[in-house]
Each structure stands twice: as structure tokens, then as C-alpha cells.
Amino acid sequence: MIEPADYGLDNLPFGIISDGRNERPRPAVAFENGVVDLDALVRAGLLDAELLRGATTLNAFLAAGLETWRAVRARLRHLLSVAANARERELVAKATLPREAVTMHLPVTIGDYVDFYSSIEHATNLGRILRPNTEPLLPNYRHIPIGYHGRSGTVVVSGTPVRRPHGQRKPPDADAPTFGPSTLLDVEVEMGWIAGAASTYGEPVPADAVREHVFGYVLLNDWSARDIQAWEYQPLGPFLGKSFATSISPWIVTLDALEPFRSAEPEREPEPLPYLRSRESWAYDIQLELLLQTPRMREHAHPPLTISRTNLRGMYWTAAQQLAHVTSNGASIRPGDLFGTGTISGGEPGTQGSLIELTWRGANTLALPGGETRTFLEDGDTVIVRGRAVRGAARVGFGEVVGTIVG
Ligand code: CA
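Residues numbered from 1 in each chain as written. Predicted model: local features only at pLDDT ≥ 70, side-chain atom pairs only at ≥ 80, totals over all residues. Heavy atoms only, no water.

### Re helix H3 (residues 66-79)
Part 1: Its 14 residues give H3 an end-to-end C-alpha distance of 20 Å, which sits within 8% of 20 Å, the value for a rise of 1.5 Å per residue.
Part 2: Those residues of H3 lying buried are Leu 66, Trp 69, Val 72, Arg 73, Leu 76 and Leu 79. Burial along H3 is one-sided: seen end-on, the buried residues are contained in an arc of 160 degrees. (Helix = DSSP H or I, 4+ residues; strand = E, 2+ residues; numbered from the N terminus. Expected span 1.5 Å × (residues − 1). Buried < 20%, exposed > 50% of the residue type's maximum accessible area, 1.4 Å probe, protein only. Arc of directions from axis to C-beta.)

Below you can see the structure in the form of C-alpha cells.
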């Protein structure tokens, strides 16, 4: 569950809210059990950040760059701390809403959406499942951060229902494809980083320029129709099996908030090419949990069941390498672009970030409370991904990204 300590003074994630009294979307930060309306703080003269006044997305704020983000965050830390004076406290209280009273919106207008494939365990598992009896990992994997361009227009905020896609699918033993609803609907536990300052067209970004170009992270669920995907993915990669929906959590946790949770990068053999090397380590220790609740579990008041626990820290390629790679050909990035990490899977049982891995393409079933089983998603199923970083006394929550399947 989301607890007040997930949104303490050291987190202050940014999002876009509206509420019953004011339906205009506006910027906010989450703090403890509340949500602080930044538009209101600017109008009250408490926060010197004109680009947040009247903003309905965070794109302009992201475009303003690292110094602005840090100045706003430092000011908010003051206003929300015991150091604030009585007048400041009174105005902040006026600008604060209970978290359950607000509707969350997409925090940014997403220009481009890229999804990587940066977990070597996930890539190996999928290779074994989709191309049995061959070397599971393709020869380029350890050299190049593999990714594809997704569909930004169907990135949706947590809570948005996900419609079961229809498409072409051809089981291996069938003579011809048919068209219809996907019967192998799956999830992918991922995180996404949201681009901060724009880069210049024609100028590759070095891997260590992360602080300027990565504003922060969200949780991401890359819904996947495995039957459509299996039939269409060769030779050009994922297409309609992925493009129907991608859900993200509403609060962007900034890179500065994640500083205490940086961890060592995994060993890489061979060493990546020079443009993919960073001086600093950009891996993060972030715990992730995948939960499932069926309609019957809801009826019988069974809480969502945790079906996987994993961690971002083991990813083979970091955001620094992804940033360097996507710009290495001169392509530029824009504020609000979204970059998925790829499914986050560990090497141990119960740490895989997708049903196709957890059930080995349906060969094993998941046992659920009340005697139900699942291999892939049924209509009415709710999927939740939660994330939290904890190290000593430091704690930062990402909240959750939720979606329910509708037929
Ligand atoms: Ca994915």
C-alpha cells in the first residue's frame, strides 16, 4: 500500500492534478497524504516559478532545465519543512488537497515513446520461449541497447481501463492466421524515464549528461498481446501487439530524489563501445512488485495477490547508456519524451516481470486465492505494479500503476 512515508520531504514527485472544485489540470507535488497545488503556490506568491502558472502539463517546466528543477524543489522543501514560517504554512495548507480528492492526469504530453529491452534475464527468457532450440540471446544484445519506437498516443495514466486488443494471430500448429481478440494478454513490469532538457539535433548526448536530460522516473506497464506479437514481430519488431496501451504511474520521481538509491552497475562482457561508457554508475536499487486481482477475488474481498517481486538494479543497460544510444545517430530528444526500461526480470523464480515468463507461456499456472488459476489475463482482471526505494532511513515511493482489462 502507499504510505505517507513514501512521499516524504525527500521525494516530492511532480504530477498533474485536478479536483471536483477545480477541474483545470495543474502541476502539483505529492507530500505525505496530501497533494500540494503548485499553481496555487505560484498565485499566492510563495513559489517563484511563473512557468508553472496555468500549466496543464509539466513539459515547459522540464524544458527549463536542471537549475530550475532544483530551485523549485529546494523552495518546496523549505515550504513543507518545519523551517517554514506561520504565513507560509498557512498558504501551503490552503494549497494542499487530500490525495484521494484529486484526479491524476498524464504528467507530460509525450512526444516520442521508446521502449528498451534492457534486462538480460528477460531477453534470455523470451529468446528461450519464442525461439526454442536456438541460442536465446541474439548476438547483438551485449553490444547495443535494443529498443523500438512505441506509440506515444496510447500511453495512459494509471487507472485508465485497458481494452483487450483484437488482431492477427497464428498458433504454430495452425495453417493460417485468424483475426480476433487476443487470448494471450500479458503485462510487462517496467520503469520509464522522462526526458528533461531537449538535446540539439545532430549532437549526440554523452552518457554522463543524465542529470540534464533525465528529469525522473515513473512506473510503467507495457501491456502485451503475446499471440499478436509472436506472429508479427519478425523481422521488424513489436507493432500492434504492444501499441494498444502503455500505462504509467502519475507521479514523476526526480533523479535528485533517487540519489540515495544509486547502486553498482552489473558486470558487462564484453566492455561496451566507448560512447556507451559512463564515468558514474547509473543503476538504481528500486524494488518492484507485480500484483493481480481477479473479479472473483474482488467479490470475495481477497486483496490483490503479489505474483512477482523484482528490482531495477540488475538491468544490463542504464538510462545513461540508453540516452547516449538514442542520440548517437544525431536524433534529438524533447522534454516529456518517454523511455521504457524494458521488462524487469531477475534470475530467480518469482522475480520475472511478465506472465509469459512466470507461467512459461502458459505451461505453468498461477494459483490464486479461492481456487482460481491464471496463465494470461482475463477480462475484469486488475494488474498493479508498485515501486519503492528503501536504503537505511531513506525511502522514496513511486506509488502504483493500475489497469483493469475490459473486453
Ligand atoms: Ca516492453
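After that view, the rundown keeps rolling.
### Observations concerning the domain arrangement of the chain
Part 1: Domain annotation of the chain identifies domain 1 (4-105) and domain 2 (113-406).
Part 2: With 24 residues of domain 1 at the contact, the number on the domain 2 side is 24 residues.
Part 3: Where domain 1 abuts domain 2, roughly 2000 Å² becomes buried across the two surfaces, and 63% of that area is made up of carbon and sulfur atoms.
Part 4: It is Asp 6, Leu 62 and Trp 69 in domain 1 that bury the most area against domain 2; as a group they hold 27% of the surface buried on that side.
Part 5: Remark: the boundary between domain 1 and domain 2 carries three salt bridges.
Part 6: Arg 395 is the partner of Asp 6 in a salt bridge, and the nearest nitrogen-oxygen pair spans 3.0 Å. (Domains from an automatic or database assignment. Contact = heavy atoms within 4.5 Å. Buried area = accessible area lost by both parts, 1.4 Å probe. Salt bridge = Lys/Arg side-chain N within 4 Å of Asp/Glu carboxyl O.)

### A word on the coordination of the calcium ion
Part 1: Within the protein, the atoms that donate to the calcium ion are Asp 115 (OD), Glu 188 (OE), Glu 190 (OE) and Asp 222 (OD), at distances of 2.2 to 2.3 Å.
Part 2: Using a relative accessible area of 0% as the deciding quantity, one classes Asp 222 as buried. (Donors = N, O, S within 2.8 Å, 3.2 Å for Na, K, Ca; no water.)

### Digging into the sheet that holds strand E3 (residues 34-37)
Part 1: Read across the sheet, five strands follow the order E4-E3-E2-E1-E5 without closing on themselves; strand pairing throughout is antiparallel. Each end of this open sheet is capped by a strand with a single partner; those strands are strand E4 (96-98) and strand E5 (102-105). Sheet twist, expressed as the mean angle between neighbouring strand axes with direction ignored, is 45 degrees.
Part 2: In terms of strand pairing, strand E1 (residues 14-19) meets strand E2 (residues 26-31) through four bridges, oriented antiparallel. Bridge pairing in E2 links Gly 15 to Ala 28. (Pairing = 2+ DSSP bridges. Axes fitted to C-alpha atoms, helices over the stretch in contact; angles between N-to-C directions.)

### Some details on the pairing of E3
Part 1: Taking every second residue as pointing to the same face, both faces of E3 are buried, with Gly 34 and Val 36 on one and Val 35 and Asp 37 on the other.
Part 2: Examined bridge by bridge, E2 and E3 share four bridges and lie antiparallel to one another. By the bridge assignment, Ala 30 is partnered in E3 with Val 35.
Part 3: Taken together, E2 and the strand that follows it, E3, pair antiparallel across an intervening segment of two residues, in which Glu 32 is found at a positive phi of about 50 degrees.
Part 4: Sheet topology places E3 next to E4; three bridges connect them, and they run antiparallel. Looking at E4, one finds that Val 35 is bridged to Leu 97.

### Digging into the environment of Arg 21
Part 1: Checked against the element boundaries, Arg 21 lands in the loop between E1 and E2.
Part 2: C-alpha of Arg 21 to C-alpha of Ala 101: the two residues are 80 residues apart in sequence and 9.9 Å apart in space.

### Comments concerning the sheet that holds strand E21 (residues 305-311)
Part 1: Pairing is mixed in the open sheet, where five strands are placed in the order E9-E26-E25-E20-E21. If you trace the sheet from one side to the other, it starts and ends with strand E9 (162-163) and E21, each paired once.
Part 2: Of the strand pairs in this sheet, E9 and strand E26 (residues 394-406) are connected by two bridges, and their pairing is parallel. Across the sheet, residue Val 162 finds its bridge partner in E26, namely Ile 405.

### Describing the packing of aromatic side chains
Part 1: One pass over the structure, following the stated rule, counts nine aromatic pairs.
Part 2: Taking the centre distance of 5.9 Å and the plane angle of 80 degrees together, the rings of Phe 61 and Phe 215 count as edge-to-face. One end of the pair, Phe 61, is in helix H2 (residues 59-64); the other, Phe 215, is in strand E14 (residues 214-221), and 154 residues separate them in sequence. Of the two residues, Phe 61 and Phe 215, both sit in the buried class.
Part 3: Relative to Phe 215, the ring of Trp 69 has its centre 5.0 Å away and its plane inclined at 85 degrees; by these criteria the two rings are edge-to-face. (Phe/Tyr/Trp six-rings, centres within 6.5 Å; stacked < 30°, edge-to-face > 60°.)

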